[in-house]
Amino acid sequence: GRMKPVIVVHGGAGRIFKEREEGSRAGVVRAALRGYGILKQGGSALDAVEEAVRSMEDDPHFNAGCGSVLNEKGEVEMDAIIMDGKNLDSGAVSAVKCIANPIKLARLVMEKTKHMLLTDHGAHLFAQAMGIPETPGEKLITERSRERWKKNLEPDSNPEEFQKDLGTVGAVAIDSEGNVACATSTGGLSNKLIGRVGDTACVGSGGYADNCSGATSTTGHGESIMKVVLARLILYHMEQGMSPEMAADTALDYMKTRVGGLGGVIVVNNSGEWAARFSTKQMSWATVKDDQLHYGIHAGERFTKPVDEALASESGRF
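Residues numbered from 1 in each chain as written. Predicted model: local features only at pLDDT ≥ 70, side-chain atom pairs only at ≥ 80, totals over all residues. Heavy atoms only, no water.

K.L.:
Could you give an account of a nonpolar patch on the surface, naming the residues involved and the relevant values?
P.N.:
Residues M116, L117 and V203 make up a contiguous nonpolar surface patch of about 240 Å² in total accessible area. Following the sequence through the fold, M116 ends up in the loop between α3 (102-112) and β4 (117-119). A relative accessible area of 40% means that M116 is categorised as partly exposed. (Patch = residues over 30% accessible without salt bridge, like charges linked within 9 Å, V, L, I, M, F, W, Y side chains within 5 Å. Areas by Shrake-Rupley, 256 points an atom, 1.4 Å probe, with all protein chains shown as cover. Salt bridge = Lys/Arg side-chain N within 4 Å of Asp/Glu carboxyl O. Helix = DSSP H or I, 4+ residues; strand = E, 2+ residues; numbered from the N terminus. Buried < 20%, exposed > 50% of the residue type's maximum accessible area, 1.4 Å probe, protein only.)

K.L.:
Let's hear about the environment of I225: which residues, and what values?
P.N.:
Secondary-structure assignment places I225 in helix α8 (residues 222-228). Given a relative accessible area of 0%, I225 falls into the buried group. C-alpha separation for the pair I225 and M255, spaced 30 residues apart in sequence, amounts to 7.3 Å. Once residues within four sequence positions are removed from consideration, I225 is found in contact with D199, S205, T218, T219, G220, L230 and M255. (Contact = heavy atoms within 4.5 Å.)

K.L.:
Requested: an account of helix α9 (residues 230-239), with residues and values cited.
P.N.:
α9 sits mainly inside the fold: seven of its 10 residues count as buried. Among all positions of α9, only L230, A231, L233, I234, L235, H237 and M238 are buried. On its buried face, α9 sits against β7 (207-210), β8 (214-220), α8, α10 (244-259) and β9 (263-269). Positive backbone phi, at 105 degrees, marks G241, one or two positions downstream of α9.

Have a look at this one:
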């Protein structure tokens, strides 16, 4: 039978400062509505998650694409992954510069190469071969990212304090055929070492999708996420019979007790149940199911409105 499509998106777990709440909320809602638009027309989960993530990469509120944080040298280096639950195909890029939409490049790695992950210079050459236009590095840098970078360079600064406002973006979806997919994209950690790759580009950590169980996308402290292979861990718990919410909470709890790491996850299982859970102070998230939009930022918060109503107020905003 035909599935009811579902999309869930996140705009990153961490501390979302008051003055940025509005923008984060609007950004995840817009991304969810765009992804859902594709699903409603019978489009694939893969297309929906790519579109949702692209929408957030283009939004300077998020630490992905335009608005990414800067590495120790003051440059943007981005990671992204996409995965198809049908056949476990995946594509990822890491440490890419001068590209507006790393998620698009990750999809091309999946579809046009025999590989799963291209990095740095090789990813750059591949982007050129695929005809992806180069975006000058400056275009991706916001005033806010530069300010933060400068602050973190001061001798008495503690970049760790700032890491709490992380802002990786991600999406998971199930389409009317019952296929699941995930996509995740990030600028990484502020003032990170050159060439640092976090969880986002790593299959099973930054995301995982398998039609047999579901799909998940993660956000939070990358090194902690990698230690417990968080995305795959959540799906493992669902394979053992847990609901998406229970699986997410159990895995996040394990990451906290075992390695002291905080983060957030979005999950959809193969029957269309979803969850958005986090152990950080906040995580911006939104989901659409049964033509109802749900979204929130703070723990326990959940706003709901009909999609038609949301779309009407959105179109005024574009």
